Amino acid sequence: MAAEKPSSKGQAWFCTTGLPSDIVIEVEDMTFHLHKFPLMSKSRKLHQLITEQETNPLTSTAQGNDQQEPEEERDEIEEILCQISLMDFPGGSETFEMAAKFCYGVKVDLNSSIIAPLRCAGEFLEMTEEYSEDNLISKTERFFSHSVLKSIKESIKALKSCERVMALAESLGITERCIDSIASRASSADPALFGWPVSEAANENIKAGSNQALWNGIESAVRRKGGGARSNNGDSWFEDLALLSLPLFKRLILSMKMGDLNPEIVESCLMYYAKKHIPGISRSNRKPSSSSSSIASEGGQRDVLETIVSNLPLHKSSRSSTATRFLFGLLRTANILNASEECRSTLEKKIGLQLEQATLDDLLIPSYSYLNETLYDVDCLERVLGYFFDGLQEERNGGEIEAAEDGGGNSVSSPALMLVGKLIDGYLAEIASDANLKPDRFYNLALTLPEQARLFDDGLYRAVDVYLKAHPWISEAEREKICGVMDCQKLTLEACTHAAQNERLPLRAVVQVLFFEQLQLRHAIAGTLIAAEADPARPSMLRLRGEEVEAGEEAEAQAGVEVEAGAMQEGSSTTWRAAVRENQVLRLDMDSMRTRVHQLERECSTMKKVIEKIDKEGPLGNDGGWRASLTRRFGCKFKTQVCDSHEQTVVNARKGRQQQQQ
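The present account deals with the structure reproduced in this document. (Residues numbered from 1 in each chain as written. Predicted model: local features only at pLDDT ≥ 70, side-chain atom pairs only at ≥ 80, totals over all residues. Heavy atoms only, no water.)

A word on the packing of aromatic side chains. For the structure on display, the rule yields six aromatic pairs. Cluster of aromatic residues (ring-pair linked, three or more members): Phe32, Phe89, Phe96 and Phe124. Its end group placed over the ring of Phe124, Lys45 keeps NZ or CZ at 5.1 Å from the ring centre. Between Lys481 and the ring centre of Tyr443, over which it is positioned, the NZ or CZ distance is 4.9 Å. (Phe/Tyr/Trp six-rings, centres within 6.5 Å; stacked < 30°, edge-to-face > 60°. Lys NZ or Arg CZ within 6 Å of the ring centre and 35° of its normal.)

Shown next, in the form of structure tokens:
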């Protein structure tokens, strides 16, 4: 049969063959003016309906309308004898138009976006192979099996098209076959390629490089670097996956999890879907993209969020800060949308398992509840810290940690614990300026971490200093309690110097800082002396030079030296004099060092007595009073000093003495 040329006029569809139409089929809001024979030759259902119309003719409503038609169309459209209504046709008028073209012999270009509705249309019209050879059902089945199911991207598009004909697609098994194909082909993908969906920088590189042409058939290096997740076989199947409706997406994720798919691939699918459907997850891009699906109601966004969270794998992600930042974005959104308690608890637990991968910006979660007085949600962070310690304890109870403890003992701190300690110190410094933060909340949060979490307490001292500066109205007892969270022995020399001059610190804290500062100096000097005495090279050189000096003096005392050794004796005497002077300089330096050590011992003894008196008498009234008292009692100002035994001072002293002798 020759191909017919259809045409559309308003809400009517005509087949311009030169022959008058003898049947009208209504599908939704479209009217199709067709011919009986092509339809009856391919569709058993239309054959039955037309036969019933001819057997039981109805009053034609088209004869009255025929008089109103324009004169130029009366030669083409004359009296209509049959009229059929297919209001429940699967896929609507567009799908029926393609089925009608197939009946007329017009070539229909099949693709994954129309294959499911067209297959359902063939089933609805009973266009089987038994009724007519090479019919619509067989053609669509071959294309679906050989082309669509062979590609993960095409399978996703076909699954999306099933939403229009869901009931019939379910009964025919089209939906299930698409889901199985996607799940099986996703399992063969490389999980290392799926880190890009939530990376804004990567997406920008992809957009910037999308218009770049290939050079000698080689893709641009910038584009490959930015869009590493894209491949030639599945260029952007994540984008198609994000267009699925929520019920279909839930079924697909469930099938992936039941098929033992790599959890990182499942996590990547969830991350990309959430980013497309929930605006504001990423702080760097609050505005939803033009390609993202718009969900008007908060209820719809809440359903998507809870679906994403309930299907997240509980394992620790290997994607480092990218996945952790995404989880914190979900947690902030869950607080805004007032998600269920189970949803927020699941997010907090997963964040706690990988807290060491977070950044300070991630931890600063605003407090959205009017019940919280603080600017940031401190309660949430305390719960996350609790989950972190639970996970750390489980790891320590594991086989690998037990083996490490057997070899090296329990004193070694976990690297994750050290990272979290540094992170919490920074968090404390950020929230310390909040005027509504109570001293007990600050104190309890600072003591949450064990001692092994901090190598130095400089970060904690900074947080304490910020808190005392932002809360000048708290009592002296509360100030001493706040300062009690830091260990003065773990402060570096720079922090000790700053703390000794910090007027915001209470008296007891300053005295402790001064004591341990002087103690550190004493240990440093004592260590230098011990190292100098234990060094085998220096004493041996001194002994050798001393022997040379003694030998030189004996040689000088001898009056009857042979004439031929005169020149030699003159050179040796010069070397001996230089060695004697250097020996004297070393002795002076050692004496100065010993004097400084004795002075420090006396100062430490005096400080101990002052501390005991302070404990008995109590703190003085004002800062000027106790600082002046310290100066009077100690007889010196406590500043970090460099003793004369340091190398640069020794060199300068030597140069000065040599110039004076010259």
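Let's pick the thread back up.
Considering the arrangement of structural elements, one finds Asp465 in helix α23 (residues 458-470). The class of Asp465 is buried, set by a relative accessible area of 12%. Beyond its immediate stretch of four places on either side in the chain, Asp465 contacts His498, Asn502 and Arg504. (Helix = DSSP H or I, 4+ residues; strand = E, 2+ residues; numbered from the N terminus. Buried < 20%, exposed > 50% of the residue type's maximum accessible area, 1.4 Å probe, protein only. Contact = heavy atoms within 4.5 Å.)

Before going further, it helps to spend a moment on the packing of helix α9 (residues 174-186) against helix α13 (residues 246-258). A pair of packed helices is characterised by two quantities: the angle between their axes and the separation of those axes. Two numbers describe how α9 lies on α13: the axes approach to 9 Å, and their chain directions differ by 50°. Of the possible angle classes, the one that applies to α9 and α13 is oblique. Of the two elements, α9 crosses α13, and the hand of that crossing is right-handed. Note on element contacts: α13 touches α9 through Leu248, Arg251, Leu252, Ser255 and Met256, opposite Thr175, Glu176, Ile179, Asp180, Ile182, Ala183 and Ala186. In terms of residue class, the contact of α9 with α13 is made up of seven nonpolar, two polar and three charged. (Axes fitted to C-alpha atoms, helices over the stretch in contact; angles between N-to-C directions. Parallel < 35°, antiparallel > 145°, perpendicular 65-115°, else oblique. Left-handed = near helix turned anticlockwise from the far one by under 90°. Nonpolar A, V, L, I, M, F, W, Y, C, P; charged D, E, K, R; others polar.)

Now for unusual backbone geometry. Here Glu28, not a glycine, exhibits a phi torsion of approximately 55°, which is positive. Here Glu28 shows up in the loop between β3 (23-27) and β4 (30-34). Residue Asp134 is not a glycine yet carries a positive backbone phi of 50°. One can find Asp134 in the loop between α5 (115-124) and α6 (136-148).

By secondary structure assignment, the location of Leu314 is in the loop between α15 (298-310) and α16 (321-336). On the basis of relative accessibility, which here comes to 53%, the residue Leu314 falls in the exposed class. Counting along the chain gives 35 residues from Leu314 to Lys349, while the straight-line C-alpha distance between them is 8.5 Å. When residues no more than four places from it in sequence are discounted, the contact partners of Leu314 are Lys350 and Leu353.

Once that is clear, we can look at the side chain of Arg454. With respect to the secondary-structure elements, Arg454 resides in the loop between α22 (439-446) and α23. Among the residues examined, Arg454 registers a relative accessible area of 9% and is labelled buried. At 3.3 Å, the side chain of Arg454 and the backbone oxygen of Ala446 are in polar contact. Look past the residues within four positions of Arg454 in its chain and what remains in contact with it is Met418, Asp425, Leu428, Ala446, Leu449, Leu460 and Lys490. (Polar contact = N/O pair within 3.5 Å; in protein donor to acceptor, adjacent residues only side chain to side chain.)

Next up on the list: the pattern of salt bridges. Taken as a whole and judged by the stated rule, the model has 17 salt bridges. Here Arg119 makes a salt bridge to Glu141, at a shortest N to O gap of 2.8 Å. You can see Arg119 sitting in helix α5 and its partner Glu141 sitting in helix α6, a full 22 residues away along the chain. According to the relative accessible area criterion, Arg119 is buried, its value standing at 10%. Asp465 serves as the salt-bridge partner of Arg504, at 3.0 Å between the closest nitrogen and oxygen. (Salt bridge = Lys/Arg side-chain N within 4 Å of Asp/Glu carboxyl O.)

Before going further, it helps to examine helix α21 (residues 415-431). Under the 1.5 Å per step criterion, the end-to-end length of α21 is 25 Å for 17 residues, consistent within 8% with the ideal 24 Å. In this structure, the buried residues of α21 make contact with α18 (360-363), α19 (378-396), α22 and α23. (Expected span 1.5 Å × (residues − 1).)

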